[in-house]
Every structure is written in C-alpha cells, then in structure tokens.
There are 2 protein chains.
Amino acid sequence: MIYDVMKKLKEKGYRITPQRRIIMEKIVQTAGLLTADEIWNLVRQEYSDIGLDTIYRNINMLTENGVLIPITGMGKERTRYELAHANHHHHVVCVKCGNAVCIDYCPIDEEFIKLLRKSGYELIRHNVELLGLCAKCKLCEENR
Amino acid sequence: MIYDVMKKLKEKGYRITPQRRIIMEKIVQTAGLLTADEIWNLVRQEYSDIGLDTIYRNINMLTENGVLIPITGMGKERTRYELAHANHHHHVVCVKCGNAVCIDYCPIDEEFIKLLRKSGYELIRHNVELLGLCAKCKLCEENR
DNA sequence: GTTGCTGCAAAATGTTTGCAGCTTT
DNA sequence: AAAGCTGCAAACATTTTGCAGCAAC
C-alpha cells in the first residue's frame with residue numbers, strides 16, 4: 001500500500017525522504033480523519049525534529065497528487081485529511097463532543113449529478129458535512 | 001423582514017445599533033453568500049468608520065441566533081454567510097473561477113436522516129459541498 | 001445609570017513562503 | 001553534481017479578545 005504510493009510519487013519525480021515516509025505510514029496506520037496538527041504529533045513520536053511546515057508541505061503535495069482527500073467544514077474544526085483509496089463515504093460529527101463516525105452511504109447519486117450538469121456544472125468533488133448530536137450527548141441534553 | 005429580526009433580537013436583550021442595522025440591511029439586500037470581508041466592504045460604503053471586528057462580532061451573534069447560516073468548505077475559500085430564512089438549498093462552486101450557483105434540490109432526505117439515526121446521530125445541520133467545473137471553464141479546458 | 005456595543009490594538013490561530021543548507025537521486 | 005526537500009524564521013490571512021469610552025435602553 002505505502003510502497004505503491006511511494007513508487008508512484010517517485011515516478012513523478014518526488015523524492016522519498018524519511019519524513020515523507022513516516023508521514024505516510026502514520027496516516028495509513030491511523031486510517032482516519034486527521035488534522036495537520038494531529039499528523040505532526042504522531043510523526044514527532046518517531047521523528048522529533050520534524051517541523052509543522054514540512055507536514056503542511058507534504059499533505060498539500062499528497063492532496064494535489066490524489067493520495068489524500070481534504071475534508072473541510074467539520075463544524076468549526078480545521079480541515080482534516082483522509083486516505084483517498086478508502087471506499088467513498090461521509091462523516092457525522094457531534095456538535096457537542098466532536099466525535100465522528102463514518103457513514104458508508106452517499107446521498108450524491110447519478111440523478112443528482114445529472115441535475116448539476118443541467119445547471120451547467122460538471123461535478124468534480126463533493127463533501128457532505130453532517131452535524132448532529134451523538135447518542136451520548138443526546139442523553140446528557142435530556143437529563144438536564 | 002428586517003424589522004422582525006430586529007424585534008426578536010431586541011426581545012432577547014440585544015441592542016439595535018446603527019452598525020448592526022446596516023449589517024443586516026446589506027445582507028438582506030444582497031441575498032447571497034457573503035464573507036465577513038465582503039460584508040465589511042458593503043457596510044463601509046455607508047458607515048465608513050466600522051471595524052472588521054464589529055462585523056465578526058455581529059455575524060457570530062447572528063449565526064448563534066439562527067439569523068445567518070455559515071456555509072463552509074467552498075473550496076479553499078473562507079466561510080460565507082447566508083440568510084437562514086431563504087428556502088433550503090445548496091451551492092455548486094467552480095473550482096477554476098470560484099463562481100457559484102444555487103441548487104434548489106437537497107439530497108438529504110428523510111431516509112438518510114433515519115440512516116443517521118440508526119448510526120446513533122440526530123442530524124442537526126448539514127451542508128453539501130459541491131465542487132465542479134462551470135460551463136465556461138469547461139470550454140477553456142477543452143480548447144487547450 | 002446600567003449594560004451592552006464599538007473601535008482600537010494586540011493576540012491567537014492556522015497556513016504559507018523565502019532562504020540556506022542538507023539529502024536524495 | 002543537480003535537483004528537490006527540510007528546518008528555521010518570518011510572513012500572511014483570518015478570526016478572536018481585552019479594554020476604555022460611548023451609545024442604547
């Protein structure tokens with residue numbers, strides 16, 4: 001998995017530095033939604049001298065090359081990144097505690113894409129921002 | 001329209017300052033997606049001494065009180081605000097030129113809300129981020 | 001007269017960039 | 001050796017905050 005990505009990047013002229021490799025490893029290991037900051041903290045456990053700017057430069061590069069997908073609009077949270085290879089899904093985020101779960105179903109179907117085409121737009125990318133109340137926080141609300 | 005909002009805010013203990021009124025007026029007049037910065041520029045035409053911080057304080061207040069809805073994830077753009085009373089819709093944004101159009105249809109239906117409930121989440125708010133290529137930019141792409 | 005709101009300045013936050021030196025190729 | 005990559009520091013962009021004075025009630 002990591003090797004395939006690395007190979008592809010290498011073919012494109014990118015170099016495989018230890019920093020780059022560890023960043024990828026951590027993202028693959030976690031297999032979740034991560035912020036630049038969270039990636040930084042994970043990577044620093046193994047490579048303490050890495051700068052946050054290197055993290056940013058790399059996640060931007062990986063995003064441009066289709067390895068990562070940026071998930072914006074998680075409430076007031078900053079952008080999170082996810083591996084692109086994962087099967088397409090969305091997330092519900094709890095407005096109280098910030099916890100998120102994956103939703104495997106996607107409401108953007110062929111019909112909807114056709115509708116957009118009629119409006120003159122060819123859909124390239126989409127992201128469904130879902131904010132809700134998780135079971136736990138809902139209970140807390142009710143008991144007040 | 002503006003009077004109803006003002007009345008409600010007044011009842012909640014907020015004061016009606018000229019700044020606040022002009023901010024509301026400009027947003028209602030424009031009836032579109034506006035950034036804090038754009039609102040600032042509109043308001044300054046009439047009230048040149050207003051600070052950007054006042055704009056921020058007011059849009060935050062109006063958002064907390066359900067008058068405005070924040071629309072995040074417009075590509076790499078910053079948060080835009082829209083009047084909450086407008087009938088529910090979404091937007092497609094062109095990745096090239098940044099132009100957006102409203103899409104009156106919403107793919108988040110009752111079925112989907114039930115599905116989320118099964119996952120333990122009660123949906124509160126949603127936003128569908130759609131990035132595409134507009135007709136104009138698509139033409140440019142093809143002619144290269 | 002209270003209390004809230006504003007403008008100012010400063011801070012906080014999140015991200016990007018210029019540069020010199022180092023590493024990968 | 002050449003190119004790209006890193007760390008550092010500084011810049012940048014956006015948003016928030018402390019405070020003193022002012023305005024709405």
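Residues numbered from 1 in each chain as written. Chains lettered and ligands numbered in written order. Predicted model: local features only at pLDDT ≥ 70, side-chain atom pairs only at ≥ 80, totals over all residues. Heavy atoms only, no water.

Labelled according to an unreviewed UniProt entry, chain A appears under the name Fur family transcriptional regulator, zinc uptake regulator, originating from Pelosinus propionicus DSM 13327. Under the Sequence similarities (unreviewed entry) heading, UniProt states for chain A: "Belongs to the Fur family." (UniProt positions renumbered as here; feature names shortened; annotations may be inferred.)

A. Region of interest: helix H1 (residues 2-11) of chain A. Residue and element names in this part refer to chain A. For H1, the full list of buried residues reads Ile2, Val5, Met6 and Leu9. The buried residues of H1 occupy one face: seen down the axis, they fall within an arc of 95°. The exposed set on the far side of H1, more than 90 degrees from its buried face, consists of Tyr3, Asp4, Lys7, Lys8 and Glu11. Positive phi shows up at Gly13, right after H1, with a value of about 100°. (Buried < 20%, exposed > 50% of the residue type's maximum accessible area, 1.4 Å probe, protein only. Helix = DSSP H or I, 4+ residues; strand = E, 2+ residues; numbered from the N terminus. Arc of directions from axis to C-beta.)

B. Up close: the pattern of salt bridges. All chains considered together, the criterion is met by twelve salt bridges over all chains. The closest approach of N and O atoms between Glu122(B) and Arg117(B), which form a salt bridge, is 3.1 Å. Residue classification places Glu122(B) among the partly exposed positions, given a relative accessible area of 22%. Salt bridges sharing common partners tie together Glu38(A), Glu77(A) and Arg80(A). (Salt bridge = Lys/Arg side-chain N within 4 Å of Asp/Glu carboxyl O.)

C. Region of interest: the UniProt feature "binding site: Fe cation" (unreviewed entry) in chain A. Mapped onto this numbering, the UniProt entry gives "binding site: Fe cation" (unreviewed entry) at His88(A) and His126(A). Judged by maximum C-alpha separation, these annotated positions cover 39 residues in sequence but sit close together in space, the widest gap being only 10.6 Å. Among the secondary structure elements, His88(A) is positioned in the loop between strand S2 (80-83) and strand S3 (90-94). His88(A) sits in the partly exposed class, given a relative accessible area of 44%. Once residues within four sequence positions are removed from consideration, His88(A) is found in contact with Asp104(A), Cys106(A) and His126(A). Within polar-contact distance, the side chain of His88(A) engages the side chain of His90(A) at 3.3 Å. Mapping His126(A) onto the fold places it in strand S5 (residues 121-134). Under the relative-accessibility criterion, His126(A) is labelled buried at 18%. Look past the residues within four positions of His126(A) in its chain and what remains in contact with it is His88(A), His90(A), Cys106(A), Ile108(A), Glu129(B) and Leu130(B). (Contact = heavy atoms within 4.5 Å. Polar contact = N/O pair within 3.5 Å; in protein donor to acceptor, adjacent residues only side chain to side chain.)

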